[in-house]
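Below, each chain spelled out in residue letters.
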Amino acid sequence: MITDFNLGDSFFQDFNVTEEIVNKFIELSNDKNPIHINNEVARKKGFKSRVVQGNLQNCFISFFIGECLPSKDVMILSQTIKYKNPVFLNDILSLKVKISGIFDSVNLIELSFNFKNKLGDLISIGKINIKSTK
Amino acid sequence: MMNRKDIFNKVSRIFKDVIEDENLTIKESYTSNDIPEWDSLVHIMLIVETEKKFNIKFLSSEISKWEDIGEMITAIESKI
């Protein structure tokens, strides 16, 4: 599996934050905090509209790791994410993932990632450790 | 040039960071049986962080032979 990856390789994937996707996430997570579902509440707290749950980005990462890498024989061992800016309905998020470490001795690949919106604002950064399932 | 005590102290720091316990103390004779948090994921991350912090690479075959932290330190000592 490690041979499918090279240190420094980068991957890119866009995600549309549609109302349908956000509503499905709300249904799945049951996170109905007013800031996520009520525009007025969000505006009173200084946001332009309701704020999309940050953890939706983890769903996008799940898809990316499971479906978009050169090998599907992988599983996520650990993951960190730091949120830098809010996400709003109809944003398009661009995910960049870079291979930042390869550790053959334990068959582990370290990935660094960030999400940016179309304005170029940094939305989040983090790291993911994946391991072969072969 | 790092001596064995320096390596031990650096390894001790790695254990504290990976296990996220500032009060954790280790001994060269310790194995995973002496540290309850030392599970398979922690084991992998200990190796990864050790390779990073010492800028060395291990072979999976040598890791599997270590019987305690002391043998891990001996392996590091031989690579720096």
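Residues numbered from 1 in each chain as written. Chains lettered and ligands numbered in written order. Predicted model: local features only at pLDDT ≥ 70, side-chain atom pairs only at ≥ 80, totals over all residues. Heavy atoms only, no water.

Quick word on the pattern of salt bridges
Stage number 1. Tallied over the full model, the rule gives 15 salt bridges over all chains.
Stage number 2. As a salt-bridge pair, Arg13(B) and Glu22(B) come within 2.4 Å of each other at their nearest N and O atoms.
Stage number 3. A relative accessible area of 34% means that Arg13(B) is categorised as partly exposed.
Stage number 4. Across the pair Glu49(B) and Lys52(B) runs a salt bridge, and its minimum N-O distance is 3.6 Å. Linking Glu49(B) with Lys52(B), this pair stays in helix H2 (residues 40-54), spanning three residues, or about one helical turn.
Stage number 5. A single salt-bridge network, built from bridges that share partners, covers Glu110(A), Lys127(A), Glu49(B), Lys52(B) and Lys53(B). (Salt bridge = Lys/Arg side-chain N within 4 Å of Asp/Glu carboxyl O. Buried < 20%, exposed > 50% of the residue type's maximum accessible area, 1.4 Å probe, protein only. Helix = DSSP H or I, 4+ residues; strand = E, 2+ residues; numbered from the N terminus.)

Focus: the sheet that holds strand E6 (residues 108-116) of chain A
Stage number 1. Taken in spatial order, the five strands line up as E1-E5-E6-E7-E3 (chain A) in an open sheet, and their pairing is antiparallel. With partners counted over all chains shown, the strands left at the sheet margins are strand E1 (10-16) and strand E3 (74-83) of chain A, one partner each. Averaged over all neighbouring strand pairs, the angle between strand axes comes to 20 degrees, with direction disregarded.
Stage number 2. Along the sheet face, H2(B) touches E3, strand E5 (92-103), E6 and strand E7 (122-132) of chain A and points at about 85 degrees away from the line of E6(A). (Pairing = 2+ DSSP bridges. Axes fitted to C-alpha atoms, helices over the stretch in contact; angles between N-to-C directions. Contact = heavy atoms within 4.5 Å.)

Considering the interface of chain B and chain A
Stage number 1. Opposite the 12 residues of chain B that make contact, chain A presents nine residues.
Stage number 2. Buried surface at the junction of chain B and chain A, both sides included, amounts to about 870 Å², of which 69% is carbon and sulfur.
Stage number 3. Contact with chain A buries surface across chain B, with Ile44(B), Val48(B) and Lys52(B) losing the most and accounting together for 44% of the total.
Stage number 4. Along the contact surface separating chain B from chain A lie one salt bridge.
Stage number 5. With a shortest N-O distance of 2.5 Å, Glu110(A) and Lys52(B) are connected by a salt bridge.
Stage number 6. Summed over the shared surface of chain B and chain A, the result is three residue pairs in polar contact (both at pLDDT 80 or more). (Buried area = accessible area lost by both parts, 1.4 Å probe. Polar contact = N/O pair within 3.5 Å; in protein donor to acceptor, adjacent residues only side chain to side chain.)

Observations regarding the state of the cysteines
Residues and elements named next belong to chain A.
Stage number 1. Tallying each qualifying case throughout the model produces zero disulfides over all chains.
Stage number 2. Distance from the sulfur of Cys59, which forms no disulfide, to the nearest cysteine sulfur (Cys68) is 14 Å.
Stage number 3. Under the relative-accessibility criterion, Cys59 is labelled partly exposed at 35%. (Disulfide = S-S within 2.5 Å.)

A word on the confidence of the model for chain B
Residue and element names in this part refer to chain B.
Stage number 1. For chain B, per-residue confidence averages 95 on the pLDDT scale, and 100% of positions sit at 70 or higher.
Stage number 2. The secondary structure element of chain B with the lowest average pLDDT is helix H3 (residues 60-63), at 94, and the one with the highest is helix H1 (residues 4-19), at 97.
Stage number 3. Here the prediction assigns the complex a pTM of 0.87, and the interface score ipTM is 0.85. (pLDDT = per-residue confidence, 0-100.)

Digging into unusual backbone geometry
Stage number 1. Here the phi dihedral of Asn90(A) falls at roughly 75 degrees; this positive angle occurs in a residue that is not glycine.
Stage number 2. Position of Asn90(A) among the secondary structure elements: in the loop between strand E4 (87-88) and E5.
Stage number 3. With a phi close to 60 degrees, Glu20(B) is a non-glycine residue in the positive phi region.
Stage number 4. Position of Glu20(B) relative to the elements: it lies in the loop between H1 and H2.
Stage number 5. Here Glu20(B) falls in the exposed class, since its relative accessible area comes to 73%.

A short note on the packing of H1(B) against helix H4 (residues 69-79) of chain B
Residue and element names in this part refer to chain B.
Stage number 1. Orientation of H1 relative to H4, taken along the N-to-C sense of each, is 120 degrees, at an axis distance of 10 Å. Handedness of the crossing formed by H1 with H4: right-handed. In this structure, H1 contributes Arg4, Ile7, Phe8, Val11 and Phe15 to the contact, and H4 contributes Ile69, Gly70, Met72, Ile73, Thr74, Ile76 and Glu77.
Stage number 2. Among the residues making up the contact of H1 with H4, the classes are represented as eight nonpolar, two polar and two charged. (Left-handed = near helix turned anticlockwise from the far one by under 90°. Nonpolar A, V, L, I, M, F, W, Y, C, P; charged D, E, K, R; others polar.)

Examining the side chain of Ser49(A)
All names here are of chain A.
Stage number 1. With respect to the secondary-structure elements, Ser49 resides in the loop between helix H3 (39-44) and strand E2 (51-52).
Stage number 2. Accessibility expressed as a relative area gives 17% for Ser49, which makes it buried.
Stage number 3. Residue contacts for Ser49: discarding those within four places in its chain leaves Asn39, Ala42 and Phe88.

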